[in-house]
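Chain by chain, the residues run as shown.
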Amino acid sequence: MATEYAPHIRDQWDPSGRPPSKHLLPPALRAPVEGRTWREFGYLMLSLPISVLLFVFAITMTSLGMGLLITFCGVPVLAAGLAGCRGFGAMERARARGLLKLDVADPPPLRIKAGGGPMAWIGAVLKSGTSWRHLLYAVLHMPWAVFAFTVALTLWSYGWAALTYPLWQWVFPAFTDSDGIQLYGDATRHVYLDQPVEIAATSTFGLVLVLVTPWLMRGLVMVDKVMVTGLLGPSRLATRVSELESDRGVVVDTAAADLRRIERDLHDGAQARLVALAMDLGLAKEKLTQDPEAAARMVDEAHGEVKIALQELRDLARGIHPAVLTDRGLDAALSAVASRCTVPVQVEVDLPARPAPAIEGIAYFTVSELLQNVSKHAQATRATVEVWQTADRLMLQVGDDGRGGADTTAGSGLAGLAERLDAVDGILVVDSPVGGPTTVTAELPWRG
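Let me sum up the structure you'll find in this document. Worth saying up front: this structure is predicted, and the values here are computed from it rather than measured. (Residues numbered from 1 in each chain as written. Predicted model: local features only at pLDDT ≥ 70, side-chain atom pairs only at ≥ 80, totals over all residues. Heavy atoms only, no water.)

Details of the overall build of the chain
Here is step 1 of the chain: The secondary structure content of the chain amounts to 14 helices and seven strands.
Here is step 2 of the chain: Each of the 448 residues in the chain was classed as buried or not, and the buried ones make up 36%.
Here is step 3 of the chain: In the chain, the share of contacts with a sequence separation of at least 24, taken over all contacts with a separation of at least 6, comes to 70%.
Here is step 4 of the chain: Summing over all exposed atoms, the chain offers an accessible surface of approximately 25900 Å²; the carbon and sulfur share of this is 64%. (Helix = DSSP H or I, 4+ residues; strand = E, 2+ residues; numbered from the N terminus. Buried < 20%, exposed > 50% of the residue type's maximum accessible area, 1.4 Å probe, protein only. Contact = heavy atoms within 4.5 Å. Areas by Shrake-Rupley, 256 points an atom, 1.4 Å probe, with all protein chains shown as cover.)

Here you go:
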C-alpha cells in the first residue's frame, strides 16, 4: 500500500500556537549562551553537594538501622532513613523539573492501613519498592555526581578562560614575573603563551571547548534524567496500573453512554412507532365491521409503519454491532458504511488476516464516526478510507478534501473518539489545517 504515516503537523508548533521562532545562529553556536545550557550547568554544580549530603544520610541511617536490627530499634531507624530518602527524592524531582524541565511524575503514596498506628506506617515504608529505589538513587548518584561535577566544571572553566585569554593576558607582565600562562617548564626551559600567534591559538582552543562543552553536559545530564525517572519516578507497573484505572473509567463511561443512547433510540424511535402502530390496529379492528374500507386504509398505513419500525430496528442493531462485520470482516463492513456517506468514498483494506473481534469493532465504529463527520461538517467532495497492518498495529486513515479545521479539543466528537482509542492503547492523530485537507490517522493494537 502506498500509504505512509506522516507526523502530526501541529508537533512543529509550540503550545501557544505560534510558529517556532527563527534564530540567526545555528544551534552549535548559540548553545553556550542558551538558558538551557546554564540551567544544566547549575544542575550539575548543585548535584555534588546535594548528592554528598544524601549519600551520607542514606549510608548512615541504613548502617545504623541494619546494625540495630538485633534489637527492635533498628526497624524504625531503617524506616526513618527510607522516609528521609523519599523526602530527598521529592526535592530531586522538583530540582529536575525546575532546571532540566523533566516532567517526572511523583510515585504513588504509601498504602497505610487505616487505624494501624506507627507500626502500620513503618511496615508500609519498608514494604514499598519506591522507598528502596530512593535509597538506591542516594547511593548510586553520589559517585556519578562527583564525575559529572568534575568534568563539567573543568571543561566549562578552562573553555571560557582560554577563550577570553586575550582580554586578561596583560595582567602577567604587570603583576607577575612571567610573560603569560606557562605551557611547559623544566630546569632549563620555560614556554609561555605570550606571542600573538600563541594567544590566538589559546583563544581558538577555548572557543572549541566552549562550543563542545554544552553538548557534553547534555550527555551528562541525560544520565541524571534516566536515574531520576527510573529510580525516583513511579515504576512501570504503577504507571501501567494508573493508566488501566483511567482507561477502565473511560470504558465504563462509554458503555453507559452507549446504553443510554440505545435506550433513548428505542424509546423515542421504534418503541413510540410500535405504540402508535398498536393504537392504529386497534382502531382498524373496531372499524372492521362498520367501515371495512376505512379499516383497510388504516391497515395499509400500519403496514407502512411496520416497515419503518423494522428499518429503525435494523439501523439500531447496526449501530450496536453490524452483522456484516461479523460475517465478512472490515472490508465489507467499511464498504457498507462508505456507501451511506454523502460524498464518494474510496475504501482500500489491505489486511493479511482479521484482528481480534473487539479491535475490529472499534476500528469499524472509528471509521463510521469519522465518515459521519465528513458528511456533516467537512463540506468535502470526496473521501478516502485506508486500512492496513504495520507490525503488531492496525492502522486506519480517513482523509477528505473538505474545509479542514478539525481538532481534538475537549467537547468535540474527536475528543471522545480519542478517549475510546486510548482505552485500548490506541492513538488518534488529526492533521487538519484550516482550508483542508483533513487526514485522521488511528492506530490500534492488532491482537489477532
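A closer look at the sheet that holds strand β7 (residues 438–445)
Two pairing modes exist for strands in a sheet, parallel and antiparallel, and in both the strands are linked by backbone hydrogen bonds.
Here is step 1 of the chain: Pairing is mixed in the open sheet, where five strands are placed in the order β3-β4-β5-β7-β6. In this open sheet, the two strands that pair with only one neighbour each are β3 (345–350) and β6 (427–431). On average, each strand axis in the sheet is tilted by 10 degrees relative to the strand beside it, whichever way the strands run.
Here is step 2 of the chain: Bridge count between strand β5 (residues 393–400) and β7: eight bridges; the pairing is antiparallel. Looking at β7, one finds that Gly 399 is bridged to Thr 439.
Here is step 3 of the chain: On the sheet, helix α12 (residues 330–339) packs against β3, β4 (383–390) and β5 and is oriented at approximately 170 degrees with respect to β3. (Pairing = 2+ DSSP bridges. Axes fitted to C-alpha atoms, helices over the stretch in contact; angles between N-to-C directions.)

Some remarks on the packing of aromatic side chains
Here is step 1 of the chain: A complete count under the given rule lists six aromatic pairs for this structure.
Here is step 2 of the chain: Ring geometry for Tyr 364 against Phe 365: centres 5.1 Å apart, planes inclined by 80 degrees, an arrangement best described as edge-to-face.
Here is step 3 of the chain: Clustering of aromatic rings is evident, with ring pairs tying together Trp 38, Phe 41, Trp 156 and Trp 160.
Here is step 4 of the chain: Geometry around Tyr 43 places Arg 95 over its ring, the cationic atom sitting 4.0 Å from the centre.
Here is step 5 of the chain: A cation sits over an aromatic face here: Arg 218 above Trp 215, 4.5 Å from the ring centre. (Phe/Tyr/Trp six-rings, centres within 6.5 Å; stacked < 30°, edge-to-face > 60°. Lys NZ or Arg CZ within 6 Å of the ring centre and 35° of its normal.)

Digging into unusual backbone geometry
Here is step 1 of the chain: Although it is not a glycine, Lys 101 sits at a positive phi angle of roughly 55 degrees.
Here is step 2 of the chain: Tracing the sequence through the fold places Lys 101 in the loop between α3 (74–100) and α4 (117–127).

Some words on the pattern of salt bridges
Here is step 1 of the chain: Summed over all chains, the structure comprises nine salt bridges.
Here is step 2 of the chain: A salt bridge links Glu 34 to Arg 218; the nearest nitrogen and oxygen atoms lie 3.0 Å apart. A residue pair is termed long-range when its members are at least 10 positions apart, and Glu 34 in the loop between α1 (27–30) and α2 (35–67) and Arg 218 in helix α8 (residues 196–232) qualify at 184 residues.
Here is step 3 of the chain: Under the relative-accessibility criterion, Arg 218 is labelled buried at 12%.
Here is step 4 of the chain: The structure contains a network of salt bridges with shared partners spanning Arg 30, Glu 34, Arg 36, Glu 40 and Arg 218. (Salt bridge = Lys/Arg side-chain N within 4 Å of Asp/Glu carboxyl O.)

Considering the pairing of β3
The two faces of the sheet receive side chains in turn, since in a regular strand these alternate between them.
Here is step 1 of the chain: Note that β3 and β4 share six bridges and pair parallel. Within the sheet, the bridge partner assigned to Gln 346 lies in β4 and is Thr 384.

Some remarks on helix α13 (residues 357–378)
Here is step 1 of the chain: Helix length check: α13, at 22 residues, gives a terminal C-alpha distance of 30 Å against a target of 32 Å (1.5 Å per residue), a fit within 8%.
Here is step 2 of the chain: When we look at burial in α13, the residues that qualify are Ile 359, Glu 360, Gly 361, Ala 363, Tyr 364, Thr 366, Val 367, Ser 368, Leu 370, Leu 371, Val 374 and Ala 378.
Here is step 3 of the chain: Of the residues flanking the end of α13, it is Gln 379, one or two places downstream, whose phi is positive at about 55 degrees. (Expected span 1.5 Å × (residues − 1).)

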